[in-house]
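Architecture at a glance
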Amino acid sequence: MSPTTFRGQALARDADLVQLATRSERFDHLVALAGNPNTGKSTVFNALTGLRQHTGNWPGKTVTRAEGYFVAGGTRFKLVDLPGTYSLQAASDDEQVARDMLLFGRPDVTVLVLDATRLERNLNLALQVLAITPRVVVCLNLMDEARRRGIGVDPLALSRELGVPVIPASARSGEGIEALREAVRAMAAGETPTTPYRVARFDADTESTIATVETAVLDAYPDLPNSRWVALRLLNADERVEAAVQNGELAALVAERPPAARPTPVASAAIHDASPVAVQSGNDVLAVASAVRWRLAADFQDRITEGIYRAAEAIATASRLGGVQRLRFDFDRTLDRWLTSPLTGFPIMVLLLGIVFWLTIAGANVPSAMLGTLLVDHGHAWLSSLFTAAGAPDWLRGFVVDGVYLATAWVIAVMLPPMAIFFPLFTLLEDFGYLPRVAFNLDALFRRVGAHGKQALTMCMGFGCNAAGVVATRVIDSPRERLVAIITNNFSLCNGRWPTQILLATVFVGALAPPALAGLVSASAVVSVTLIGVAAMFFASWLLTRTVLRGEATSFSLELPPYRPPRLWQTLYTSLIDRTLIVLWRAIAFAAPAGAVIWLVGNVSVGGATLADLLVRWLEPAGLLLGLNGVILLAYVIAIPANEIVIPTVLMLTVLTGGVPEAGAGAGVLFELDAADVGVLLREHGWTTLTAVCTMLFSLLHNPCSTTIYTIYRETGSARWTALATLMPLGMGAVVCFLVAQVWRLVTGA
């Protein structure tokens, strides 16, 4: 694939970028944004571009690259947000994407975001980036948190040590963003000279080994500015770098670089003492590297790593301000003692989930009723009269108004209020930094069942969207453990299933308690189903790792980010735009055609009976065996495109097949109900508490939606694993519902 060119310069191979901003074909310079997770990198991205990309606090949140634009000094820049990563060793997909963009994407400037409160740890990545490119601007972010914690960092001293500009910033408040834009402009224009720090000296044996390969690299590519880094990657048998040497891509990098942009290669003194090697091509370089690699000491890579960390420690020490007194009360550690304790961590987690669900259930009733009155009672009647006045035939009015419109109206009335409450609350916990603590608490349990600890992170992502949770499994390096996480992610209740859980818990389970306790009991029921899903994920992971995906769990490092005060208005904006409205729009997009299908199956007759009646009667025996009914099973078949439309589909099929004169007439599915009447309608058609409980369990344990199934196939590239991920939860759901129904009937005598 050839690089994209503009104004005579190679700029970027951006065919795989995810476009988030307004699409534009004109930009002057390409800027890469790199940094560790939890450094506020996505917040810097949003501040620079003006976008409102959702930001999170767990490692690996940004899995694919995103792009945006900004203007500085009349110059237009395209900013590419790379995945947050701790190194460029290409041990994971995130690291490979970041490394490839910096080396082969040829950015004009790289903005490197460092956390001022964790400078030494962040410098490990900084030194690796500086080994690749000298055109770096450091954004020393989270300066406000550093001041709050009594941590003093001297940006000027850090700039002298690194040899590149350092801009202090607090992206959340906008501090330093204008200065960062100007520094990027100056670097892109060639106005800022740099002398990037390179870890140039190790022990004599290590230096001699590096010098042998670096000599070969420089012989083949005399103008290569990062020959030492390339030599180190070849000694590490980096397949991507080896391929670039072999296919001539590395030579093209040098050839396409303007002469003025070619800094003098930085080589160690030992390179001049290396044995001369006749090198004429990339294959000769690979031959030299291969020969040297066979003679490497067993601890060679350990020496390199130790050297980088020693350099990072020295730079951090030289950049630290003296005389700054630390705060005596450590808020983060005090909270962590409670939130991550084996004794209190899990009860607090369950309590917080219960509070979120209770607020969602208690707060959604009134707006749901208001939307139902507006859209279903008045909106439907007005639209129906409009079609009648226009002389439209009954079948057209029924298809559009009673089918497409009514399904859409019910999705909005049923889904919008709980999502508008739940997602902001969930986002507040996320922005505060609590979700990584949940992952920390669950890590030991995942390892016990043979899964990767990072599966806890992908599980949390699945609570928002299972398709996003599947994509998030890219942070898991082990292919086997990643497969386990992909196959079991559906056991996280996604946003499309929350309305089903909340509505049924409110109408049936909460009704069993006194009115004063109904909300609390309903919330407890939803929490219980959520925990059953977590338990099902543990069981499925245990089963997979002892059958088709045997193996030992690997270890990993999980960074707990600092607690940060949630930004209330920003959270409301991102949760409403980024989650609620986008999910609602997706539900509407599927609800409209689903409403058309429902109307058709309710109005197309075969042998004197409608298709809906025939299908419901055919599915009824299996449904009753599982504690459900034929309407519910048919609804889940129709709602495969999106879980969000299950409840509206159930309600409409109930009216169609149940013969409710007061709720419908003619060929349509017209019915006028507010939220309080839903329970009455369902009970009149045979629903019991058992039906509701089994439906809640089946909603948790059934096949993924079509979007998630497609995502699983794209991520695994295997029809076999996709089929397993689809059928495994469906089989577990059928078994669980059957057992619950039989035990319930045995105990109650029903």
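None of these values were measured; they are calculated from a predicted model.

A few words on a nonpolar patch on the surface. On the surface, a cluster of nonpolar side chains totalling about 600 Å² of accessible area is made up of L600, V604, V606, L611, L614, L615 and W618. Per element, the largest residue contribution to the nonpolar patch is 4 residues, and it comes from helix α23 (residues 611–625).

Counted residue by residue, strand β8 (residues 136–141) has 6 buried out of 6 residues, so it is predominantly covered. Taking every second residue as pointing to the same face, both faces of β8 are buried, with V136, V138 and L140 on one and V137, C139 and N141 on the other. Note: strand β7 (residues 109–115) against β8, 6 bridges, orientation parallel. In the strand pairing of β8, D115 is matched with N141. As a crossover connection, the stretch from β7 through helix α3 (residues 119–132) into β8 is right-handed. Where β8 meets strand β9 (residues 166–168), 3 bridges bridge the pair, whose relative direction is parallel. If you follow V138 over to β9, its bridge partner there is V166.

Counting buried residues in strand β6 (residues 75–81) gives 6 out of 7 residues, a clear majority hidden from the surface. Sheet topology places strand β4 (residues 29–35) next to β6; 5 bridges connect them, and they run parallel. Each residue of the ladder has a partner; that of A32, found in β6, is V80. Linking two consecutive strands that pair antiparallel, namely strand β5 (residues 66–72) and β6, is a turn of 2 residues; a positive phi of about 60° is found at G73 within it.

Attention now goes to unusual backbone geometry. For N38, which is not glycine, the phi torsion reads 65° and is therefore positive. In this structure, N38 sits in the loop between β4 and α1 (41–49). Even without glycine at this site, L142 takes up a positive phi of about 65°. The residue L142 is located in the loop between β8 and α4 (143–148) in this model. Since its relative accessible area comes to 4%, L142 is described here as buried.

The subject of this paragraph is the packing of aromatic side chains. For any pair of aromatic rings, the description consists of the separation of the ring centres together with the inter-plane angle of the planes. Enumeration according to the criterion identifies 6 aromatic pairs in this entry. Ring centres 5.7 Å apart and planes at 90° place the aromatic pair F399 and W599 in the edge-to-face group. Taken as a pair, F399 in helix α15 (residues 394–432) and W599 in helix α22 (residues 568–603) lie far apart in primary sequence, 200 residues in all. Aromatic side chains F508 and W687 sit 5.9 Å apart centroid to centroid with 25° between the ring planes, which places their arrangement in the stacked category.

This part is about the packing of helix α16 (residues 435–448) against helix α17 (residues 455–462). Packing of α16 against α17 brings their axes to within 8 Å, and their N-to-C directions diverge by 130°. As summarised for this structure, α16 and α17 are arranged oblique, according to the angle between their axes. Every pair of crossing elements has a handedness; the one defined by α16 and α17 is right-handed. Contacts between α16 and α17 involve L435, V438, A439, L442 and F446 on the former and, on the latter, Q455, A456, L457, M459 and C460. Broken down by class, the residue content of the contact of α16 with α17 amounts to 9 nonpolar, 1 polar and no charged.

Our focus in this paragraph is the environment of F387. Position of F387 relative to the elements: it lies in helix α14 (residues 345–389). Between the C-alpha atoms of F387 and V400, which are 13 residues apart in sequence, the distance is 9.4 Å. Ignoring any residue separated from it by four or fewer positions in sequence, one finds F387 in contact with A392, L396, R397, V400 and V401.

Let us look at helix α6 (residues 177–188). Side chains of residues three or four places apart in an α-helix project in the same direction, reflecting 3.6 residues per turn. End to end, α6 covers 17 Å across 12 residues, agreeing with the expected 16 Å (1.5 Å per residue, within 8%). Burial within α6 is extensive, with 9 of its 12 residues counted as buried. Every buried residue of α6 is accounted for by I177, L180, R181, A183, V184, R185, A186, M187 and A188. Of the residues flanking the end of α6, it is G190, one or two places downstream, whose phi is positive at about 80°.

About the cut-offs
Residues numbered from 1 in each chain as written. Predicted model: local features only at pLDDT ≥ 70, side-chain atom pairs only at ≥ 80, totals over all residues. Heavy atoms only, no water. Patch = residues over 30% accessible without salt bridge, like charges linked within 9 Å, V, L, I, M, F, W, Y side chains within 5 Å. Areas by Shrake-Rupley, 256 points an atom, 1.4 Å probe, with all protein chains shown as cover. Salt bridge = Lys/Arg side-chain N within 4 Å of Asp/Glu carboxyl O. Helix = DSSP H or I, 4+ residues; strand = E, 2+ residues; numbered from the N terminus. Buried < 20%, exposed > 50% of the residue type's maximum accessible area, 1.4 Å probe, protein only. Pairing = 2+ DSSP bridges. Right-handed = clockwise from strand over helix to strand, strands pointing away. Phe/Tyr/Trp six-rings, centres within 6.5 Å; stacked < 30°, edge-to-face > 60°. Axes fitted to C-alpha atoms, helices over the stretch in contact; angles between N-to-C directions. Parallel < 35°, antiparallel > 145°, perpendicular 65-115°, else oblique. Left-handed = near helix turned anticlockwise from the far one by under 90°. Contact = heavy atoms within 4.5 Å. Nonpolar A, V, L, I, M, F, W, Y, C, P; charged D, E, K, R; others polar. Expected span 1.5 Å × (residues − 1).

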